[in-house]
Amino acid sequence: MNQRNKPFFRATGAAILLAASSAVLTACGGAANVAEPAPLTTLESPAYRMQTVWKTDAGEGAGEYVSGFKPIIDGERVYVGNSDGYVMALDLATGRKIWRSRTGDRLISGPALAAGLLLLGSRDGQVVALSAQTGEREWTASLSSEIIAAPAANDEIAVARTLDGRLVALDMANGQRRWTIERNVPTLTLRGTSSPVIVGDTVYAGLDNGNVLALDLATGEERWSQTVAFPSGRSELERIVDIDADPLVVNNELYAVSAGGQLASLATTSGRVRWRHELASEKALALDDRNVYAVDRDSVAWAVNRLTGSERWQQDGLKYRKLSGPALLAGDLVVGDYDGYVHWLSADDGSVIARGRPFDEPIRSQPLIVGDRVIVVGAYGEVAALRFTPSDER
């Protein structure tokens, strides 16, 4: 079983149950860990061909760790962090290294970018703030436990979620704590968390108990709480309902998905449930005018009607290939897989219209789209910028 799907116990007396039940999880809720990945079929007439614009080694990557590392773009720069404590700024056009900062921290998530600062989380419960311009450390804030998901931030406030169930707001000027809230965490959860999402004066957060919270950004006061997925089943394993994918907020709509088997659309003003659809996922979502796109725990890709929650299509031809969350490129979808392939899926029906392989490392984080380029990061530190061009172009 890989670490991404491992359950995580917070109670010290639960180690025996973990050992006894891991086989059950593998056989039932975690079929992707025992089933053979779907073999790739030859694309007879791919619509596009992949070009690797540039590729570079940015450090150790996440390795086998569950992490919240993801690339981020600011103007003509790409920023990436690694578990070896290094953070790098790369030129978007060429992949050339602009600066490389050795933090000395056991980084595990980020970076996020706001107010000229890069924010990263560490395994030791620290939020590390670096200058985006130079890579120099601006401040460090020590919190209560690991920060596996990237913090969220605007020009004034950063909000980090810790593994032990806290949401902490920090002053972007100096890292001083503004407020902290704490929610109970189930005894057994998946080892992962979602990043908070800041929209205006509200911060939204998905929790391990299957709830989404809306909080006043300035004070931490709760505005509403809504349950996306309810625990069910007799065992702790069956009752896992973690929300480990970042909530997706567009206008007055919020979309959240639980590993416990529910994708939901909520009203941002009240938390009212607009619809629910049965779907279990820990991966980032994507959205266009028609659909919400998701990859479930067995790496089946889905399109769900944005207005009604009804299923549009499923694509199971990549089943068990440990797909990343989908990203939208030119109206269609791109996903990475465990073997370093990037697949381009039609948003109309889910059919695979192109693929390429920039490297042979797992691609776990959602690809980043900037213009006509796709930025992907491998689990062991490779970073590549890709472009898909029509197959009939020379």
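Keep in mind it's a predicted model, so treat the numbers as computed, not measured.

**Student:** Just to check I follow, could you spell out the sheet that holds strand S23 (residues 262-267) for this structure?
**Tutor:** On the basis of which strands lie adjacent, the open sheet formed by 4 strands has the order S21-S22-S23-S24 and antiparallel pairing. Sheet topology places strand S21 (248-250) and strand S24 (273-278) at the edges, where each strand pairs with a single neighbour. The sheet shows a mean angle of 15° between the axes of neighbouring strands, taken without regard to direction. Alignment of S21 against strand S22 (residues 253-257), held across 3 bridges, turns out to be antiparallel. Its bridge partner being in S22, Val 249 is matched across the sheet by Leu 254.

**Student:** Looking at this structure, how should I read the environment of Ala 93?
**Tutor:** Along the chain, Ala 93 turns up in the loop between strand S6 (86-91) and strand S7 (97-102). Measuring from C-alpha to C-alpha, the distance between Ala 93 and Val 53 comes to 8.3 Å, with 40 residues separating the pair along the chain. The residues touching Ala 93, leaving out its near neighbours within four places in the chain, are Val 53, Trp 54 and Arg 373.

**Student:** Teacher, can you tell me more about the packing of aromatic side chains here?
**Tutor:** In this description, a pair of aromatic rings is defined by centroid distance and the angle of the planes. Counting across every chain of the model gives 6 aromatic pairs. Here the aromatic rings of Tyr 255 and Trp 275 are separated by 6.1 Å at their centres, their planes lie at 50°, and the arrangement is tilted. Residue Tyr 255 is found in strand S22, and its partner Trp 275 is found in strand S24; the two are separated by 20 residues along the sequence. Residue Tyr 255 shares its accessibility class with Trp 275, and that shared class is buried. Members of the aromatic cluster, connected to one another through ring pairs, are Tyr 48, Trp 344 and Phe 388. When the ring centre of Tyr 86 is taken as origin, the NZ or CZ atom of Arg 100, which lies over that ring, is 3.6 Å away.

**Student:** Help me understand the confidence of the model for the protein in this model?
**Tutor:** Should pLDDT be low for a region, the predicted coordinates there are not to be read in detail. Mean pLDDT over the protein stands at 89; residues scoring 70 or higher make up 90%. A low-confidence stretch, residues 1-6 (pLDDT under 50), is modelled with 24 contacts involving residues beyond four sequence positions or located in other chains.

**Student:** Could you clarify how one ought to interpret the environment of Arg 290 in this entry?
**Tutor:** Turning to its location among the elements, Arg 290 is positioned in the loop between strand S25 (286-287) and strand S26 (291-295). Here Arg 290 falls in the partly exposed class, since its relative accessible area comes to 37%. When the C-alpha positions of Arg 290 and Leu 307 are compared, they lie 7.8 Å apart, and in sequence the two are 17 residues distant. Excluding its chain neighbours within four sequence positions, the residues that come into contact with Arg 290 are Val 304, Asn 305, Arg 306, Arg 312, Ala 347 and Asp 348.

**Student:** Can you walk me through the sheet that holds strand S28 (residues 311-315) in this structure?
**Tutor:** Each strand in a sheet pairs with its neighbour through backbone hydrogen bonds, running either in the same direction (parallel) or in the opposite one (antiparallel). Pairing within the open sheet is antiparallel, and its 4 strands lie in the order S25-S26-S27-S28. The two strands at the open ends of the sheet, each matched to only one other strand, are S25 and S28. In this sheet, S26 lies alongside S25 in antiparallel orientation, the contact comprising 2 bridges. Note on S26: the bridge partner recorded for Leu 287 is Val 292.

**Student:** Could you clarify how one ought to interpret the pairing of strand S20 (residues 222-227) in this entry?
**Tutor:** The side chains of a regular strand alternate between both faces of the sheet. Direction of pairing for strand S19 (residues 211-216) relative to S20: antiparallel, over a ladder of 5 bridges. Within S20, the position partnered with Val 212 by the bridge is Gln 226. If you look at the hairpin formed by S19 and S20, you'll find 5 residues sitting between the two strands, and Gly 220 has a positive phi there, around 80°.

About the thresholds
- Residues numbered from 1 in each chain as written.
- Predicted model: local features only at pLDDT ≥ 70, side-chain atom pairs only at ≥ 80, totals over all residues.
- Heavy atoms only, no water.
- Pairing = 2+ DSSP bridges.
- Helix = DSSP H or I, 4+ residues; strand = E, 2+ residues; numbered from the N terminus.
- Axes fitted to C-alpha atoms, helices over the stretch in contact; angles between N-to-C directions.
- Contact = heavy atoms within 4.5 Å.
- Phe/Tyr/Trp six-rings, centres within 6.5 Å; stacked < 30°, edge-to-face > 60°.
- Buried < 20%, exposed > 50% of the residue type's maximum accessible area, 1.4 Å probe, protein only.
- Lys NZ or Arg CZ within 6 Å of the ring centre and 35° of its normal.
- pLDDT = per-residue confidence, 0-100.

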